[in-house]
Amino acid sequence: MTTMEQKYANYTKEDFQVWEVLFNRQMENLPGRATDEFLQGIDRINFTAGKIPDFSETNPLLKSITGWELAVVPGIVDDAIFFQLMADCKFPASTWLRKMSELDYLEEPDMFHDVFAHVPLLTNQAFVDFLQELSKIGLEYIDNKWAIELLSRIYWFTVEFGLIREAEGLRIYGAGILSSAGETVFCLSDKPKRFEYNVEQILNTPYRKDTFQDRYFIIESYEQLYQSLPEIKEQIAILSQKEPVTV
């Protein structure tokens, strides 16, 4: 994969305005809803409303905390590239920002999702260890589309749309929620179903990308995610041989 760079000088006035509006809106929504680790992570890596993150500043900070760094990608990348980057402790991140006219929904994740919503939790060692080992499993099955689909369900219901039980109550750690003002409120309401973290149940649960989730899974700790890796690997090995027949 050709190495790409963030061209910081190319950001426009509108880009800075979009970042500021989205940042301020979510930082009003997230206290009392987001996991403590995310809110602390925002401070650890010096994210603010007035400045789009500069990877040349963020990467040394991240590396000093967990050994990870951001790798610039143009957008959604092939599974092989995605998993290889994360197996190498590099989180794939786009550098473009949505327009003011599309603040609430994008089909493809932009920098606000990739960076604001994902990066603060990359300061948690158990969480990034989980990401790295999950990606290594992905590389093992890169030529098995059904296995990759199964693995994507684990990623979806944890990294993107996961909830965690903390001392003060349920909190959000999934980046797909943390970057969405609407789903931040919805996921903790009485409308969706919520289940305890269960690898087998998640592997048997398809997901949708075009609407709020109708179910979420709750972990007790980030260590629980890491400790579930042997079960994930075992279940993938079994289920990847049993691809369902589509009619």
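Within every chain, residues take consecutive numbers counted from 1 along the sequence as written. Local features in this predicted model are restricted to residues whose pLDDT is 70 or higher, and side-chain atom pairs enter the listing and the counts only when it is 80 or higher, whereas totals over whole chains, interfaces and linings include all residues. Each side-chain value is worked out from all heavy atoms of the structure, with water and hydrogens disregarded.

**With respect to the environment of glutamine 132**
Numbering of helices and strands runs from the N terminus, with a helix taken as a DSSP run of H or I at least four residues long and a strand as a DSSP run of E at least two residues long. When you line up the elements, glutamine 132 lands in helix H6 (residues 125-140). Three labels apply to residues, based on accessible area from a 1.4 Å probe with only protein chains included: buried if under 20% of the type maximum, exposed if over 50%, partly exposed otherwise in between. Residue classification places glutamine 132 among the buried positions, given a relative accessible area of 17%. Considering only alpha carbons, one finds glutamine 132 and aspartate 88, 44 residues apart in sequence, at a separation of 7.4 Å. If we skip the residues at most four places from it in the chain, glutamine 132 touches Trp68, Met86, Ala87 and Cys89. Among the polar contacts listed, one links the side chain of glutamine 132 to the backbone oxygen of alanine 87, at a separation of 3.0 Å. What makes two residues a contact is simply this: any of their non-hydrogen atoms within 4.5 Å. In the analysis that follows, any N or O atom pair within 3.5 Å is treated as a polar contact, provided that within protein one partner can donate a hydrogen and the other can accept it, and provided that, for residues neighboring in sequence, both atoms belong to side chains.

**Digging into the packing of aromatic side chains**
In this analysis, rings of Phe, Tyr and Trp, with Trp reduced to its six-membered ring, are considered paired at centre separations within 6.5 Å, and the interplanar angle assigns stacked below 30 degrees, edge-to-face beyond 60, and tilted for intermediate values. Applying the stated criterion across every chain yields a total of 21 aromatic pairs. Ring centres of tryptophan 19 and phenylalanine 47 lie 6.2 Å apart, and the angle between their planes is 85°; on these two criteria the pair is classed as edge-to-face. Of this pair, tryptophan 19 sits in helix H1 (residues 13-29) while phenylalanine 47 sits in the loop between helix H2 (36-44) and helix H3 (55-65), placing them 28 residues apart in sequence. There is no split in this pair, since tryptophan 19 and phenylalanine 47 are both buried. For the pair phenylalanine 82 and tyrosine 155, a centre-to-centre distance of 5.6 Å together with 80° between the ring planes defines the contact as edge-to-face. Remark: tyrosine 155 occurs in helix H7 (residues 145-160) and phenylalanine 82 occurs in helix H4 (residues 79-87); sequence separation between them is 73 residues. The pair formed by phenylalanine 82 and tyrosine 155 is uniform in burial state, with each residue classed as buried. Every member of this aromatic cluster is reached through a ring pair, and the members are Trp19, Phe23, Phe38, Phe47, Phe112 and Phe116.

**Considering the pattern of salt bridges**
Each reported salt bridge corresponds to a side-chain nitrogen of Lys or Arg within 4 Å of a carboxyl oxygen of Asp or Glu. A full pass over the atoms with the stated rule returns 12 salt bridges. The shortest N-O distance in the salt bridge between glutamate 149 and arginine 153 comes to 3.1 Å. Placement of both glutamate 149 and arginine 153 in helix H7 is noted, with a separation of four residues, approximately one turn of the helix. Residue class for arginine 153 comes out buried when judged on its relative accessible area of 8%. The salt bridge involving glutamate 220 is made with arginine 165; its shortest N-O contact spans 2.2 Å. Residue glutamate 220 is located in the loop between strand S6 (215-219) and helix H11 (222-227), and its partner arginine 165 is located in strand S3 (residues 163-166); the two are separated by 55 residues in the primary sequence. On the basis of relative accessibility, which here comes to 40%, the residue glutamate 220 falls in the partly exposed class. The network of salt bridges with shared partners includes Lys63, Glu69 and Lys90.

**Focus: the side chain of threonine 158**
On the secondary structure map, threonine 158 appears in helix H7. The exposure class of threonine 158 is buried, given its relative accessible area of 0%. Look past the residues within four positions of threonine 158 in its chain and what remains in contact with it is Phe130, Tyr173, Gly174, Tyr197 and Leu225.

**Comments concerning the pairing of S3**
When DSSP locates at least two bridges between a pair of strands, those strands are taken to pair. The pairing of S3 with strand S4 (residues 169-172) spans four bridges and is classified as antiparallel. Residue arginine 165 lies in a different strand from S4, and its bridge partner there is leucine 170. Counting the residues between successive antiparallel strands, the hairpin from S3 to S4 contains two residues. Alignment of S3 against S6, held across two bridges, turns out to be parallel. Its bridge partner being in S6, leucine 163 is matched across the sheet by isoleucine 218.

None of this, on its own, says anything about what the molecule does.
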